[in-house]
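Chain by chain, the residues run as shown.
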Amino acid sequence: MKIKVLYEDKDILAIDKPSGVLVHPDQKSKEKTILDLFIKKYPKAEIVHRLDRETSGVMLLAKNAKAREFLKKQFMDRSIKKTYYAVVFGWVKNDHDTINKPIGRSPSDFRRKLAGRGARGELREAITEYKVLKRFTASAFPFLGVSQAGEPRGSAPRAREDSDPKKKMLERFSYLEIHPKTGRTHQIRVHMKFINHPVVCDSLYNPNGLCPKGLKRLALHAKSIEFQNLKGKIIKIESPLPKEFINILS
């Protein structure tokens, strides 16, 4: 698998991660991860942040320990600016807003995180800003995607009992620009579900939801990241919008 390099200097690498590729190895899968794909060329390369398996977009790797610590400090200080694009279910009411809701563990599924009532364990601060770029209506279908474990999911229930398969099922969606101010696991996905507008095609947080026609992956893309390199220069890297996003928005 060939992954596009968006930026490179002697310390830092920025790549365009495809949807469906693991960042870190898990116990169930033996497939290659992002690090596996680059470790031969960059033997000291390390992951400094993560994207969920089904999320695409720009991602940083440190080529050495000094760069790793330098970038990690920026993440901890929240000086790194990240922008994501997402398609969510329904028409989001507010044109822009901030979700400030701590995130904990789900009591029903160890894989999930939860914001709001019922969250367990340590509740960690989580802040997400968003603005609506577009509200649109599109043909939709029940999501028959792939589970977080990589296994095909079973048939999802019909969206409406009176749905006629010969007719177009039109549903409402919103296209958002999102700026996470903190970096919690699954933060955007959890916060969007919290406000009842889950990211579409999300097999973990919205397994029985609807997807716009033509989209078969999690509709979350890391569009850009802005950081300081070791020479003190501010670098902004952007990832092109995936073609499947362009198709459903056109």
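Scroll up for the structure.
So, here is what we can say about the structure in this document. (Residues numbered from 1 in each chain as written. Predicted model: local features only at pLDDT ≥ 70, side-chain atom pairs only at ≥ 80, totals over all residues. Heavy atoms only, no water.)

1. Thoughts on the state of the cysteines
Thinking step 1. Under the definition given, this model contains 1 disulfide.
Thinking step 2. The partner cysteine of Cys 201 in its disulfide is Cys 211, sulfur to sulfur 2.0 Å. Of this pair, Cys 201 sits in the loop between α3 (187–194) and β12 (210–212) while Cys 211 sits in strand β12, and the two are 10 residues apart along the sequence. Both residues of the pair, Cys 201 and Cys 211, count as buried. (Disulfide = S-S within 2.5 Å. Helix = DSSP H or I, 4+ residues; strand = E, 2+ residues; numbered from the N terminus. Buried < 20%, exposed > 50% of the residue type's maximum accessible area, 1.4 Å probe, protein only.)

2. Some remarks on the layout of surface pockets
Thinking step 1. Volume-wise, the largest pocket comes out at about 900 Å³.
Thinking step 2. Lys 82, Thr 182, Gly 183, Arg 184 and Thr 185 are the residues nearest the centre of the largest pocket, which is lined by 32 residues in total.
Thinking step 3. Breaking the lining of the largest pocket down by element, the ones donating at least two residues are α2 (65–77), β5 (81–89), β7 (103–105), β9 (120–124) and α3.
Thinking step 4. The leading source of residues in the lining of the largest pocket is α2, at 4 residues.
Thinking step 5. Class assignment for the residues of the lining of the largest pocket results in 10 nonpolar, 9 polar and 13 charged. (1 Å grid on protein atoms, 1.4 Å probe; cavity = no way out; pocket = protein on both sides within 12 Å on 5 of 7 lines; lining within 4 Å. Points joined across faces, edges and corners; volume = space filled by probe spheres on them. Nonpolar A, V, L, I, M, F, W, Y, C, P; charged D, E, K, R; others polar.)

3. Side note on the environment of Leu 176
Thinking step 1. Structurally, the position occupied by Leu 176 is in strand β11 (residues 170–180).
Thinking step 2. Judged by relative accessible area, Leu 176 falls into the buried class, the value being 0%.
Thinking step 3. Sequence-wise, Leu 176 and Leu 220 are 44 residues apart; in three dimensions their C-alpha atoms are separated by 9.6 Å.
Thinking step 4. Setting aside residues up to four positions removed in sequence, Leu 176 forms contacts with Tyr 84, Tyr 85, Ala 86, Val 88, Val 92, Tyr 130, Lys 131, Val 132, Leu 133 and Met 192. (Contact = heavy atoms within 4.5 Å.)

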